[in-house]
Amino acid sequence: LAGAEADARLAARGFALSVPTLTLAGPVPDVSLEAHPGTAVRTAPAPSPAWIAANAAGYGGEKANAEHLAAIVGRIRAPACFATLHADGEEVAWGIGVVVEGRLALQDLVVRPDVRGRGHGRRLVDALFAFGRARGAAEAFLQVREDNAIARALYARRGFATAYGYHHRVG
């Protein structure tokens, strides 16, 4: 929305770079959920209070506030899937898939910090891909923090590429 010159002027005035983010886009792959033994994904068309509390606890930022997150997700009107991944009997990951005009938006994907890097994000995303594909989505998109190398690698393996990046400046 603003060119490099505007960003440089803000930086020169002491505005700090905040949360560089990438928007990624790619195909909705045909996935097999049977490929993930030992895990189960529970889905619902609307979030439960427990889903909101767990997602908010792992998210950070404004969405770390469960009330704020509930207000945000309460505005979703398109077909949605609120997913919770269970591994070894524990809730370990949460996410939302929303289908709009043939595209799957992946949102608020959170893996509990103490179990990251174990494939739980892949399993969760695969369940959301299955939801999107069943509703006719052929393309998907999401936003990911630029410094989240684990998530970026997951999406790259699924055929996602950077559509664009953005960041904010804060005083």
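Keep in mind that this is a model prediction, so the values were computed, not measured.

### Considering the environment of R157
- Note that R157 resides in helix α5 (residues 149–157).
- With a relative accessible area of 60%, R157 lands in the exposed category.

### With respect to the environment of A134
- Structurally, A134 is set in helix α4 (residues 120–134).
- With relative accessibility at 64%, the residue A134 sits in the exposed group.
- Considering only alpha carbons, one finds A134 and V73, 61 residues apart in sequence, at a separation of 22 Å.

### Section: the pattern of salt bridges
- Applying the stated criterion across every chain yields a total of five salt bridges.
- Among the ionic pairs, R112 bridges to E90, the shortest N-O distance being 3.1 Å. Of the two residues, R112 sits in the loop between β5 (103–111) and α4 while E90 sits in strand β4 (residues 90–100), which places them 22 residues apart along the sequence.
- Given a relative accessible area of 22%, R112 falls into the partly exposed group.
- Owing to a relative accessible area of 42%, E90 belongs among the partly exposed residues under this scheme.
- Residues joined by salt bridges that share partners form a network here, namely E90, R112 and D114.

### Quick notes on the confidence of the model for the protein
- The pLDDT averaged across the protein works out to 89; a share of 93% of its residues lies at or above 70.
- When the elements of the protein are averaged for pLDDT, helix α2 (residues 49–59) gives the smallest value, 84, and strand β6 (residues 139–145) the largest, 95.

### Brief notes about the sheet that holds strand β3 (residues 80–87)
- A sheet is described by the order of its strands in space; here seven strands give the open sequence β2-β3-β4-β5-β6-β1-β7, paired in mixed fashion. The open sheet is flanked by β2 (39–44) and β7 (161–170), the only strands paired with a single partner. Looking at each pair of strands side by side, their axes are set apart by 25° on average, direction ignored.
- Relative to β5, β4 runs antiparallel, the two sharing seven bridges. Along β5, the bridge assignment pairs A93 with V111.

### Overview of the nonpolar core
- Of all hydrophobic cores here, the largest spans 28 residues; its most connected members are L104, F129 and Y155.
- Only β1 (16–27), β3, β4, β5, α4, β6 and α5 provide two or more residues apiece to this core.
- Aside from chain neighbours lying at most four places away, what touches L104 is V28, G97, V98, V99, L128, F129, F131, G132, A137, E139, A140 and F141.
- With 13 residues, the next largest nonpolar core counts F82, I96, V98 and A105 among its residues.

### Observations regarding the environment of Q143
- Along the chain, Q143 falls in strand β6.
- Overall, the relative accessible area of 48% leaves Q143 in the partly exposed class.
- Sequence separation of Q143 and L22 is 121 residues, and the distance between their C-alpha atoms is 5.6 Å.
- Sequence-distant contacts of Q143, defined by excluding residues within four places in its chain, comprise T21, L22, T23, Y164 and Y166.
- Among the polar contacts made by the side chain of Q143, one reaches the side chain of T23 at a distance of 3.5 Å.

### Digging into the pairing of β3
- For β3, a buried count of eight out of eight residues is recorded, marking the element as mostly surrounded by other parts of the structure.
- Both faces of β3 are covered, namely the face carrying A80, F82, T84 and H86 and the face carrying C81, A83, L85 and A87.
- As paired strands, β2 and β3 are joined by six bridges and run antiparallel to one another. Looking at the pairing, T43 lines up with A83 of β3.
- In this structure, β3 lies alongside β4, joined through eight bridges in antiparallel fashion. Among the inter-strand pairings, H86 is bridged to a residue of β4, identified as E91.
- Hairpin remark: β3 followed by β4, antiparallel, with two residues in the connecting loop; positive phi at D88, about 50°.

Procedures and definitions
Residues numbered from 1 in each chain as written. Predicted model: local features only at pLDDT ≥ 70, side-chain atom pairs only at ≥ 80, totals over all residues. Heavy atoms only, no water. Helix = DSSP H or I, 4+ residues; strand = E, 2+ residues; numbered from the N terminus. Buried < 20%, exposed > 50% of the residue type's maximum accessible area, 1.4 Å probe, protein only. Salt bridge = Lys/Arg side-chain N within 4 Å of Asp/Glu carboxyl O. pLDDT = per-residue confidence, 0-100. Pairing = 2+ DSSP bridges. Axes fitted to C-alpha atoms, helices over the stretch in contact; angles between N-to-C directions. Core = buried A, V, L, I, M, F, W, Y, C linked by side-chain atoms within 4.5 Å. Contact = heavy atoms within 4.5 Å. Polar contact = N/O pair within 3.5 Å; in protein donor to acceptor, adjacent residues only side chain to side chain.

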